[in-house]
Amino acid sequence: LSENAYGFALEQQKIGDQKGLGHGGDIDAFTSTVAYFEEEDLSFAITCNGANFGKHDVAIAVLSEVLGKPYQLPNFELVELSSEELDQYLGTYETAELPMDMIISKEGNTLLLEVTGQTPSPLTAEGNHKFSIMKFGVKITFIPKEKRMHFEQQGMEFDFTLQESTKSAEPTKEDLDQYLG
């Protein structure tokens, strides 16, 4: 390979229950993936422009259709939850499996997911403690009674635990005034 080679890597692709080799990428509103499945002697490529639905879910649908396997189309019905109903999900979730936290906050009647170091993204409510970010292929299920969150994205799954709040109370004006002078 030349010194200027870029993006010549193949990685294991797990799409549904199929494993193959391929590569994918995302930039701006464009996404792509290409994969080869040796056992099925099958290759495919998907490119999307301006999609707000996860390419991994599209790849599962395409591969399932080609292989004659059943798959479930997503539910596009919106669920409205009150701000008070969303309060049970708020907080910082962590797992020993990843070096980042997931912070769940809200803006009005919308939950936001912020991964450490990234911009918050709105979660779409699907009902029964389930939320998603379709364009990233993110699926989240909260288990409030256990203070847990199950996170799925592109065939990977992780369980997060709600951290106990260690925030101290906001300082009062009197607390701050003692440092003036």
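Residues numbered from 1 in each chain as written. Predicted model: local features only at pLDDT ≥ 70, side-chain atom pairs only at ≥ 80, totals over all residues. Heavy atoms only, no water.

Some details on the nonpolar core
Next, step 1: Ranked by size, the top nonpolar core spans 21 residues in total, and within it Ile 104, Leu 113, Phe 131 and Phe 142 carry the most contacts.
Next, step 2: Those elements that provide at least two residues to this core are strand S6 (102-107), strand S7 (110-115), strand S10 (130-133), strand S11 (138-143), strand S12 (148-153) and strand S13 (156-162).
Next, step 3: Among residues more than four places away in sequence, those in contact with Phe 142 are Tyr 89, Tyr 93, Ile 104, Leu 111, His 129, Phe 131, Arg 148 and Met 149.
Next, step 4: In terms of nonpolar packing, the next biggest core, distinct from the first, is built from nine residues, Phe 37, Leu 42, Phe 44 and Leu 63 among them. (Core = buried A, V, L, I, M, F, W, Y, C linked by side-chain atoms within 4.5 Å. Buried < 20%, exposed > 50% of the residue type's maximum accessible area, 1.4 Å probe, protein only. Helix = DSSP H or I, 4+ residues; strand = E, 2+ residues; numbered from the N terminus. Contact = heavy atoms within 4.5 Å.)

Re the packing of aromatic side chains
Next, step 1: Counted by the stated rule, this structure contains six aromatic pairs.
Next, step 2: Taken together, a centroid distance of 5.2 Å and an interplanar angle of 75 degrees make the contact between Tyr 89 and Phe 131 edge-to-face. With a gap of 42 residues between them, Tyr 89 in the loop between helix H2 (83-86) and strand S5 (91-94) and Phe 131 in strand S10 connect regions that are remote in the sequence.
Next, step 3: Look at Tyr 89 and you get buried, because its relative accessible area is 4%.
Next, step 4: Take Phe 131: its relative accessible area is 3%, and that puts it in the buried class.
Next, step 5: Here Phe 151 and Phe 160 contribute two aromatic rings whose centre-to-centre distance is 6.2 Å and whose plane-to-plane angle is 75 degrees, an arrangement assigned as edge-to-face. Comparing Phe 151 with Phe 160, the two get one shared label, buried. (Phe/Tyr/Trp six-rings, centres within 6.5 Å; stacked < 30°, edge-to-face > 60°.)

Examining the environment of Ser 132
Next, step 1: By secondary structure assignment, the location of Ser 132 is in strand S10.
Next, step 2: Each C-alpha atom of the pair Ser 132 and Pro 122 lies 8.7 Å from the other, and the pair is ten residues apart in sequence.
Next, step 3: What Ser 132 contacts, discounting residues up to four positions off in sequence, is Pro 122, Leu 123, Thr 124, Glu 126, Val 138 and Lys 139.
Next, step 4: Engagement of the side chain of Ser 132 in a polar contact is seen with the side chain of Glu 126, the distance being 2.6 Å. (Polar contact = N/O pair within 3.5 Å; in protein donor to acceptor, adjacent residues only side chain to side chain.)

Quick notes on unusual backbone geometry
Next, step 1: Phi angles above zero are rare outside glycine, and Asp 41 is one such case at about 50 degrees.
Next, step 2: By the secondary structure assignment, Asp 41 is in the loop between strand S3 (30-37) and strand S4 (42-49).
Next, step 3: In this model, Lys 147 sits at a positive phi of 55 degrees, which is unusual for a non-glycine residue.
Next, step 4: Here Lys 147 is to be found in the loop between S11 and S12.

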